[in-house]
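Summary of structural features
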Amino acid sequence: MKEKIKGFAMDLGVDDVGMVAVADYRSPRSPGLQTIFPGAKSLVVLAYQSLSNLESDNMQIAMGGRLDELEFARSCNYRMARFLDREFKAKAMTVPPSYPLYMSYETKGTLGDVSLRHAAVAAGLGNFGRHNLVIHPKMGTRVLFTALITNLDLPSDSPVSERLCTDCNACVENCPAGALNEEGKTDDMKCLKNSQPYGIGSSIRFWTKFTESPTEEQKKMVKDVHFWRLYQAAFIGFQYFCFNCIKSCPIGQ
Ligand code: B12
């Protein structure tokens, strides 16, 4: 069964596939899988090589490449779920690559319902580097993940035993926000402020100022390029302006 699943995924254009029994998936901060899918038995994790777009200093091209990856990844996830249903009469739920995320005062939208990095590591697709990203044995850091939660009995693939990060520290040195200074922890707020300059923080500041301003000032504010950038980010979703921790990593380049 595992070979058939892998074969279908690879034919879709997915770059690697790993599987893990739910008992072997541990992400201490994430909700339990049984709360999401009672009866869940395994995760099928799909890995996608990132495009070279992320190397560009042109942020429209860099983020455009990410959007292409997300669109492709979501489509593969859907097709995998339908395949598992058709072929094995299985129930399968897709785990999205990024959003929607649960918004609460505690997590501030920084906690996925399923941690794709922990799932990828447990499914034998790589291990954590100094940048807290998963490094794949062939693709290095330039890899994204999606997953399916299933009720199929699938034994876990073997984990990658050798440590792939060389501790060169390039990711730490190239993070303009200092978000990786503390080992084993990404400072989410520092990362967010720098990588998503038109994210929710900027939007709150804009609308607070807007509501407190006289009409003439409000007219000026919506004709300002800053508002246009916020507007674009709002329909793109999480729009990244920094890919430094990925592109500075020498592994897999
Ligand atoms: C929310 C989110 C963010 C938020 C918050 C990050 C966060 N809290 O981890 C922000 C906006 C900051 C963010 C930033 C980025 N993200 Co992000 N993000 C997510 C998302 C949606 C959820 C992450 C989550 O739940 N984290 C919370 C929990 C699981 O983390 P945690 O328990 O606190 O574990 C942390 C540490 O303890 C440490 N850790 C845990 N175990 C171990 C073990 C060892 C040995 C070490 C060293 C560290 C370590 O790593 C974790 C990160 O801080 C995931 C997709 C998903 N559903 O998983 C993508 C995801 C993690 N992001 C991804 C990427 C690529 C990025 C960025 C590079 C953005 C970009 N420009 O592309 C940066 C990288 C920042 C970095 N170097 O850490 C990829 C990572 C791919 C990979 N190869 O690992 C994911 C998996 C999306 C995907 N579909 O592939 N992200």
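Note: the structure precedes this text.
What this report covers is the structure whose coordinates are included nearby. (Residues numbered from 1 in each chain as written. Predicted model: local features only at pLDDT ≥ 70, side-chain atom pairs only at ≥ 80, totals over all residues. Heavy atoms only, no water.)

**So, the sheet that holds strand β3 (residues 92-95)**
The line we're drawing: For two strands to be treated as a pair, DSSP must find at least two bridges joining them. By definition, any uninterrupted DSSP run of H or I lasting at least four residues is a helix, any uninterrupted run of E lasting at least two residues is a strand, and each is numbered from the N terminus. Axis lines are fitted through C-alpha atoms, for helices just across the contact stretch, and the angle between N-to-C directions can take any value from 0 to 180 degrees. Contacts were defined at the residue level, with two residues in contact if any of their heavy atoms lie within 4.5 Å.
The strand order across the open sheet built from 4 strands is β1-β2-β6-β3, with neighbouring strands paired in antiparallel fashion. In this open sheet, the two edge strands, each paired with only one partner strand, are β1 (16-21) and β3. Taking the axes of each pair of neighbouring strands and ignoring which way they run, one obtains an average angle of 25° across the sheet. Helix α1 (residues 2-12) rests against β1 and β2 (42-49) of the sheet, and its axis sits at about 145° to β1. Relative to strand β6 (residues 143-150), helix α3 (residues 59-88) is tilted by about 25°, and along the sheet it contacts β2, β3 and β6.

**A closer look at the environment of G18**
Heads up, the rule is: A 1.4 Å probe rolled over the protein chains alone gives each residue an accessible area, and that area as a share of the maximum for its type sets the label: buried under 20%, exposed over 50%, partly exposed in between.
Mapping G18 onto the fold places it in strand β1. By relative accessible area, G18 is classed as buried at 0%. Here the alpha-carbon distance between G18 and S156, two residues 138 residues apart in the chain, equals 8.0 Å. In this view, G18 contacts L43, V44, V45, A123, L125 and D157; residues no more than four positions away in its chain are not counted.

**Points about the pattern of salt bridges**
The line we're drawing: Take a side-chain nitrogen of Lys or Arg and a carboxyl oxygen of Asp or Glu: if they are within 4 Å of each other, that pair is a salt bridge.
Per the stated rule, a full pass over the model turns up 11 salt bridges. For K190, the salt bridge identified is with D187, shortest N-O distance 4.0 Å. With a shortest N-O distance of 3.5 Å, K219 and E216 are connected by a salt bridge. Taken together, the positions of K219 and E216, both in helix α8 (residues 215-223) and 3 residues apart, correspond to about one turn of that helix. You can call E216 exposed: its relative accessible area is 56%.

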